[in-house]
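Residue-level structure breakdown
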Amino acid sequence: VQLVESGGGLVQPGGSLRLSCAASGFTFSSYIMNWYRQAAGKERELVAGITSSGRRTNYGDFVKGRFTISRDNAKNTVYLQMNSLKPEDTAVYSCNAHLLAYDLWGRGTQVTVSS
């Protein structure tokens with residue numbers, strides 16, 4: 001049972017990244033999937049969430065139309081497309097699988113936005 005994030009890295013302000021989170025060992029299509037982030041010295045915050053079917057999504061206020069969460073239940077993968085990145089988006093981004101009282105977390109991937 002695991003979640004493995006990939007796609008992080010160093011990008012210039014205004015650039016884009018696409019994060020992926022590959023799930024294994026559980027019924028991915030039954031779970032709400034979320035992306036969270038935690039910057040150094042700050043609390044973890046919700047970036048985006050998507051329902052098990054993929055029909056509904058929600059975003060943190062700071063996203064303001066820049067990010068898009070999606071999922072492919074056939075590939076057991078959730079994505080986060082991030083555009084117009086800002087230095088304040090620098091953080092470790094982690095994916096989370098949630099169902100009732102159960103939560104599973106990945107280890108995270110570092111995103112650094114800097115010129």
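It should be noted that the structure appears before, not after, this text.
Structure report, in brief. (Residues numbered from 1 in each chain as written. Predicted model: local features only at pLDDT ≥ 70, side-chain atom pairs only at ≥ 80, totals over all residues. Heavy atoms only, no water.)

**Structural notes on the packing of aromatic side chains**
Put simply, the rule reads: In summary, the pairing rule links any two rings of Phe, Tyr or Trp, Trp by its six-membered ring, whose centres are within 6.5 Å, and it sorts them by plane angle into stacked for under 30 degrees, edge-to-face for over 60 and tilted for everything else. Per the convention used, a helix needs a DSSP run of H or I reaching at least four residues, while a strand needs a run of E reaching at least two, with both numbered from the N terminus. Partly exposed describes any residue whose relative accessible area lies between the buried limit of under 20% and the exposed limit of over 50%, with all areas from a 1.4 Å probe on protein chains only and scaled to the type maximum.
Scanning the model with the defined rule gives three aromatic pairs in all. On the basis of an interplanar angle of 75° and a centroid distance of 6.1 Å, the ring pair of Tyr31 and Tyr102 is categorised as edge-to-face. Residue Tyr31 is located in the loop between β3 (17–24) and β4 (32–38), and its partner Tyr102 is located in strand β10 (residues 102–105); the two are separated by 71 residues in the primary sequence. Classification of Tyr102 as partly exposed rests on a relative accessible area of 38%.

**Observations concerning the sheet that holds strand β1 (residues 2–6)**
Formally: For two strands to be treated as a pair, DSSP must find no fewer than two bridges joining them. Helix axes use the C-alpha atoms of the stretch in contact, all axes being lines fitted to C-alpha atoms, and the angles between their N-to-C directions lie in the range 0 to 180 degrees.
The strand order across the open sheet formed by four strands is β1-β3-β8-β7, and the pairing between neighbours is antiparallel. Both outer strands of the open sheet, β1 and β7 (67–72), are each paired with one neighbouring strand and no more. Across the sheet, the mean angle from the axis of one strand to that of its neighbour is 15°, orientation sign disregarded.

**Points about unusual backbone geometry**
Even without being a glycine, Lys64 presents a positive backbone phi close to 50°. The backbone phi angle of Leu100 is positive, close to 55°, even though this residue is not glycine. Within the element layout of this structure, Leu100 appears in the loop between β9 (91–99) and β10.

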